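One letter stands for each residue in the lines below.
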Amino acid sequence: MNINQKLLTNVMCYFLGLSTIFVSLDVNAADPFTKFYNQACVPEAKKAGLNDKEARKGCNCTVRSLRKKYSSQAFSALYNKYRAKDSKARQTLTRFGETCFEAVFDNILFGR
């Protein structure tokens, strides 16, 4: 496993850590994609060691990809399953994030 793959694996583990559950104070404040971005993706990417700009870049890409595939209602159901520690939902979200965060790592490591 090269350094890029190892970093990607570490971030994805933190990014989609099963032990983290977030509770929104105002459930009507945002759509499920925005909640995922603000409450899970960016904080977990930063916790894994990315700076704010890097985390937001990877998460913006991830959410754009998810919006292309899922309606708000379908994504809300997927995100709720993820928060309930459903392994299939975790695997699905991980697949969407991998490509996006790999591009961020390539830029960090190779200046692309």
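These numbers were taken from a predicted model, which means no experiment stands behind them. (Residues numbered from 1 in each chain as written. Predicted model: local features only at pLDDT ≥ 70, side-chain atom pairs only at ≥ 80, totals over all residues. Heavy atoms only, no water.)

Engineer: Hey, could you go over the overall build of the protein chain for me, with residue numbers and the actual values?
Structural biologist: Looking only at helices and strands, one finds five helices and zero strands in the protein chain. By the burial criterion, 38% of the 112 residues in the protein chain qualify as buried. Summed over its atoms, the accessible surface of the protein chain is roughly 6,700 Å², and 51% of this surface lies on carbon and sulfur atoms. (Helix = DSSP H or I, 4+ residues; strand = E, 2+ residues; numbered from the N terminus. Buried < 20%, exposed > 50% of the residue type's maximum accessible area, 1.4 Å probe, protein only. Areas by Shrake-Rupley, 256 points an atom, 1.4 Å probe, with all protein chains shown as cover.)

Engineer: Summarise unusual backbone geometry; cite the residues concerned and give the values.
Structural biologist: You will see that Lys 85, though not glycine, has its phi angle at about 70°, which is positive. Mapped onto the elements of the fold, Lys 85 is located in the loop between helix H4 (72-83) and helix H5 (87-110).

Engineer: If you had to explain the packing of helix H2 (residues 32-47) against helix H3 (residues 52-69) to someone new, which residues and values would you point to?
Structural biologist: Interhelical geometry of H2 versus H3 gives an angle of 140° and a closest axis separation of 9 Å. For the crossing formed where H2 meets H3, the hand is right-handed. Note on element contacts: H3 touches H2 through Asp 52, Ala 55, Arg 56, Cys 59, Asn 60, Thr 62, Val 63, Leu 66 and Arg 67, opposite Phe 33, Thr 34, Phe 36, Tyr 37, Cys 41, Val 42, Ala 45 and Lys 46. Here the contact of H2 with H3 is composed, by residue class, of ten nonpolar, three polar and four charged. (Axes fitted to C-alpha atoms, helices over the stretch in contact; angles between N-to-C directions. Left-handed = near helix turned anticlockwise from the far one by under 90°. Contact = heavy atoms within 4.5 Å. Nonpolar A, V, L, I, M, F, W, Y, C, P; charged D, E, K, R; others polar.)

Engineer: I'd like a rundown of the pattern of salt bridges, residues and numbers included.
Structural biologist: For the coordinates displayed, the defined rule picks out four salt bridges. Salt-bridge contacts for Glu 44 lead to Lys 47; the nearest nitrogen and oxygen are separated by 3.3 Å. You can see Glu 44 and its partner Lys 47 sitting in helix H2, three residues apart, about one turn around the helix. Residues Asp 52 and Arg 56 are paired through a salt bridge, measuring 3.1 Å at the closest nitrogen-oxygen approach. Taken together, the residues Asp 52 and Arg 56, both in helix H3 and four residues apart, mark about one turn of the helix. You can call Asp 52 partly exposed: its relative accessible area is 33%. (Salt bridge = Lys/Arg side-chain N within 4 Å of Asp/Glu carboxyl O.)

Engineer: Residue-level account of the packing of aromatic side chains, with values.
Structural biologist: Taken as a whole and assessed by the stated rule, the structure comprises seven aromatic pairs. When the ring of Tyr 70 is compared with that of Phe 96, the centres are 5.9 Å apart and the planes differ by 55°; the resulting orientation is tilted. Taken together, the residues span a long stretch of sequence, with Tyr 70 in the loop between H3 and H4 and Phe 96 in helix H5 at a distance of 26 residues. Side by side, Tyr 70 and Phe 96 carry an identical accessibility label, which is buried. Judged by centre distance (6.0 Å) and plane angle (5°), the ring pair of Phe 75 and Tyr 79 falls under stacked. (Phe/Tyr/Trp six-rings, centres within 6.5 Å; stacked < 30°, edge-to-face > 60°.)

Engineer: So what's going on with the state of the cysteines? Which residues, and what values?
Structural biologist: In a disulfide, the sulfur atoms of two cysteines are covalently bonded to one another. Applying the stated criterion to the full structure yields two disulfides. What pairs with Cys 41 in a disulfide is Cys 59, and their sulfur atoms sit 2.0 Å apart. As the torsion about the S-S bond is roughly -95°, the Cys 41-Cys 59 disulfide counts as left-handed. A residue pair is termed long-range when its members are at least 10 positions apart, and Cys 41 in helix H2 and Cys 59 in helix H3 qualify at 18 residues. (Disulfide = S-S within 2.5 Å.)

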